[in-house]
Amino acid sequence: MGSETEVKLPIIDFSKLDLESNVAEWESVKSQVHKALAEYGSFEAVFDKVPSDFRKAIFLEVEELFDLPLETKQRVASSRPYRGYVQPVEIYESMGIEDANVHEKVENLIKILWPQGKPSFSKNLLFFTEQVSRLDQMIRKMILESLGVEKYLDEHMNSTNYLARLIKYEGPQTNEPKVGITDHTDKNLLTILCQNQIDGLEIQTKSGDWIKYKPSTSTSFVVVTGDTLYAWTNGRVHTPFHRVMMTGNETRFTIGLFTVPKSGFVIKAPDELVTEEHPLLFKPFVQSEFMKFVYSSEKTKNALKVYCGV
Ligand SMILES: O=C(O)CCC(=O)C(=O)O
Ligand SMILES: [Fe+2]
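Owing to the predicted nature of the structure, the values given are computational and were not obtained by experimental measurement.

**Student:** Can you tell me about helix α1 (residues 23-39), naming the residues and giving the values?
**Tutor:** The end-to-end C-alpha distance of α1, which contains 17 residues, comes to 24 Å, matching closely the 24 Å that a straight helix rising 1.5 Å per residue would cover. Burial in α1 covers these residues: Trp-26, Val-29, Lys-30, Val-33, Ala-36 and Leu-37. Along the axis of α1, the buried positions cluster into a sector of 135 degrees, meaning they face one direction only. In α1, the exposed positions that point more than 90 degrees away from the buried face belong to Val-23, Ala-24 and Lys-35. For α1, the side-chain oxygen to backbone nitrogen distance between the N-cap and Ala-24 is 3.1 Å, and the N-cap itself is Asn-22. With its phi angle positive at about 65 degrees, Gly-41 sits one or two positions after the end of α1.

**Student:** How would you explain the packing of aromatic side chains if you had to name every residue and give the values?
**Tutor:** Inspection of every chain in the model, using the stated rule, returns twelve aromatic pairs. Ring geometry for Trp-114 and Phe-121: centres 5.8 Å apart, planes at 85 degrees, overall edge-to-face. For the pair shown, Trp-114 and Phe-121 are each scored as buried. An angle of 75 degrees between the planes, with centres 5.9 Å apart, marks the rings of Phe-285 and Phe-290 as edge-to-face. For the pair Phe-285 and Phe-290, a shared accessibility class is recorded, and that class is buried. Through pairs of rings, three or more aromatic residues link up here, namely Phe-285, Phe-290, Phe-293 and Tyr-307. The ring of Phe-241 has Lys-301 lying over it, and the distance from NZ or CZ to the ring centre is 5.3 Å.

Calculation rules
Residues numbered from 1 in each chain as written. Chains lettered and ligands numbered in written order. Predicted model: local features only at pLDDT ≥ 70, side-chain atom pairs only at ≥ 80, totals over all residues. Heavy atoms only, no water. Helix = DSSP H or I, 4+ residues; strand = E, 2+ residues; numbered from the N terminus. Expected span 1.5 Å × (residues − 1). Buried < 20%, exposed > 50% of the residue type's maximum accessible area, 1.4 Å probe, protein only. Arc of directions from axis to C-beta. Polar contact = N/O pair within 3.5 Å; in protein donor to acceptor, adjacent residues only side chain to side chain. Phe/Tyr/Trp six-rings, centres within 6.5 Å; stacked < 30°, edge-to-face > 60°. Lys NZ or Arg CZ within 6 Å of the ring centre and 35° of its normal.

Interpretation note: all reported values are geometric properties and have no functional meaning in isolation.
Listed below in structure tokens is the structure:
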């Protein structure tokens, strides 16, 4: 296991890009994405469609949400992991919003929290999801194209939902680093995170070093792949361990957009990605069943391998 180093995540500029971009631009970004995900399973995406003024405004509203009374937040309950309100555990607290791109769903959830309504928050959250889901779709299209399996694109895109998660990490009031979220791999397909001005996210390289993520622009996101994409690509993209370590007095807020498979959808690596050189890593599985396994069994670092490894 290595030590903390000055290794940095690759930075990839998406500002000039959209799904209809010209070939040269698209190909150039695509090869950077492929390289970054194969090596780190993560990169910093510069994406100015969510401008810094907007970020300031939405983070103020996220703060207001967490400032609501505990009983109010608890009204957004869910039996499914990471959906709904997750009450404070040490310095961590979160709110998961399912189908965060669906107006009705977002508005209904906001109404539970603010019965008198909070139109600006619903509007901002939906705008955030709309923009960031475009980034997610560009990245996933690039991965499928890079791996030569773009014939699965429609099926792949139609098989996912968006879960937004708002996360609060209290400053621990000390310079001794305190764990905000312990080292883990994400279990979904792709995660795109936007943070306020307080750093803390660390991403582990294949050689075991921890990269301390520090956004290089005010419109940066960090992209992290999850176990499900690792399985679907039969190991062609890396899925990194990451964690949040907090110091000091200030509160970190994160808004994450988590791309998750639709319930019941079977994750199976395309035949084209299973070769002699790359034998099948995981038997086909349903992600929601895998999640049940994760939450019912002893915590293990290799949950997917234990669950359905070949
Ligand atoms: O807050 C962050 O930056 C990381 C959050 C995270 O890794 C997660 O919720 O899975
Ligand atoms: Fe994570």
